[in-house]
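Next come the chains, spelled out residue by residue.
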Amino acid sequence: MYIIPFLILILIIVLVLISLSNRKVKLLASPPAGFRDILENEVPYYQNLDQDNKMKFEERITIFLSQVRITGIRTRVEEIDKVLIASSAIIPIFNFPGWEYHNLHEVLLYPDAFDHDFDLKAEGRNILGMVGTGALNHVMILSQFELRQAFLNKTAKSNTAIHEFVHLVDKSDGEIDGMPEALLDKQYILPWVKLMQHEIKEIKSNDSDIDPYGASNEAEFLAVVSTYFFERPALLQEKHPELYEMLVKIFGPTQLVDRDIA
């Protein structure tokens, strides 16, 4: 008498598994048009991966784009914008399979810099990217012009989109405070705090090549040096070996390539 209910249960489980499998295939079936060409031409991090990791990177940016809306505000979102935003999201967490940005639902893309009231015409507007709060919680705002320029400049140590996604990684433990506890083993928390304090002091004394904005506070320090780490890893290793090794402990290894050497 228990055989029929048991068989029905097995059938339900099989149907659920098939549904989930088909959903994943669907998610991966429609990446942006020409996305591989964009990755090969515009994203150095991707260019320096081996073939297996390139495939993993492609899969993860496709999943990201299936989960996060990208909306143009007074501008048209193009395929290159989608690929660059998704790449910026995946680069900081590439070494963490399965990581998803549960604290992000939408990216708003403005054509250029804006001010704190999101005014595109205000005098002195200088914001290129930010993680939203309050009514804009789970939202990121980026400048389209800066997004593209950051990837065009192959020798820069900064990248606004990657910078903002590092803030989201930092926020995953509840606070944007420069302590990425979701990624950093407890044994390294105190050494990280001491290293931050030392490096911020060096920046304020004009004895560092790290962007002065990194001395604003611990959260901005993490975002600034993390972007340096992903954009110019060999240069960071040469000039700040202790900081480089600590960032490897946080994010895992990254690629050291010839373009990084100053």
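(A) Representation of the nonpolar core within the structure. If you look at the biggest cluster of nonpolar residues, it comprises 64 residues, and the most contacted ones within it are F57, F64, Y101 and W192. With eight residues, the top contributor of residues to this core is helix α9 (residues 218-231). Here W192 is in contact with G178, M179, P180, L184, F221, L222, V225, L243, M246, L247 and I250, once residues within four sequence places are set aside.

(B) View of the packing of aromatic side chains. Inspection of every chain in the model, using the stated rule, returns 16 aromatic pairs. Geometrically, the ring pair formed by Y45 and F94 is edge-to-face, given 6.1 Å between the ring centres and 85° between the ring planes. Residue Y45 is located in helix α3 (residues 44-47), and its partner F94 is located in the loop between α5 (79-90) and β2 (106-110); the two are separated by 49 residues in the primary sequence.

(C) Region of the structure containing the pattern of salt bridges. On inspection of all chains with the given rule, the structure shows eight salt bridges. A salt bridge links K54 to E40, with the shortest nitrogen-to-oxygen separation between them at 3.0 Å. Separated by 14 residues along the polypeptide, K54 in helix α4 (residues 51-67) and E40 in helix α2 (residues 35-42) bring together distant segments of the chain. For K54, a relative accessible area of 10% puts it in the buried group.

(D) Up close: the pairing of strand β4 (residues 139-143). Here β4 lies mainly inside the structure; five of its five residues are buried. What you see with β4 is no split at all: V139, I141 and S143 on one side and M140 and L142 on the other are buried throughout. Here five bridges tie β2 to β4, and the two strands are oriented parallel to one another. When the bridges of β4 are listed, L109 appears paired with L142. Alignment of strand β3 (residues 129-131) against β4, held across three bridges, turns out to be antiparallel. Following the sheet pairing, G129 is matched in β4 by L142.

(E) A look at the confidence of the model for the protein chain. Chain-level statistics for the protein chain give a pLDDT mean of 87 and a share of 85% at 70 or above. Contacts from residues 20-29, a stretch scored under 50 in pLDDT, to residues over four places away or in other chains number six contacts.

(F) Region of interest: the packing of helix α7 (residues 160-171) against α9. Where α7 contacts α9, the two axes come as close as 9 Å, and the packing angle between them is 125°. Between α7 and α9, the interaxial angle falls into the category oblique. α9 is crossed by α7, and the crossing has right-handed handedness. Residues I162, H163, V166, H167 and D170 of α7 lie in contact with α9, whose contacting residues are A219, E220, L222, A223, V224, S226, T227, F230 and E231. Considering only residue class, the contact of α7 with α9 consists of seven nonpolar, four polar and three charged.

(G) Structural detail: unusual backbone geometry. Positive phi outside glycine occurs at R74, with the angle close to 60°. Within the fold, R74 resides in the loop between β1 (69-72) and α5. Given the relative accessible area of 66%, R74 is considered exposed. In this model, H138 sits at a positive phi of 70°, which is unusual for a non-glycine residue. Its location among the elements puts H138 in the loop between β3 and β4. By relative accessible area, H138 is classed as partly exposed at 28%.

(H) Quick look at the pairing of β1. For β1 and β2, the ladder comprises four bridges, and the chain directions are parallel. In the sheet register, R69 faces β2, and the bridge partner there is E106.

Conventions used here
- Residues numbered from 1 in each chain as written.
- Predicted model: local features only at pLDDT ≥ 70, side-chain atom pairs only at ≥ 80, totals over all residues.
- Heavy atoms only, no water.
- Core = buried A, V, L, I, M, F, W, Y, C linked by side-chain atoms within 4.5 Å.
- Buried < 20%, exposed > 50% of the residue type's maximum accessible area, 1.4 Å probe, protein only.
- Helix = DSSP H or I, 4+ residues; strand = E, 2+ residues; numbered from the N terminus.
- Contact = heavy atoms within 4.5 Å.
- Phe/Tyr/Trp six-rings, centres within 6.5 Å; stacked < 30°, edge-to-face > 60°.
- Salt bridge = Lys/Arg side-chain N within 4 Å of Asp/Glu carboxyl O.
- Pairing = 2+ DSSP bridges.
- pLDDT = per-residue confidence, 0-100.
- Axes fitted to C-alpha atoms, helices over the stretch in contact; angles between N-to-C directions.
- Parallel < 35°, antiparallel > 145°, perpendicular 65-115°, else oblique.
- Left-handed = near helix turned anticlockwise from the far one by under 90°.
- Nonpolar A, V, L, I, M, F, W, Y, C, P; charged D, E, K, R; others polar.

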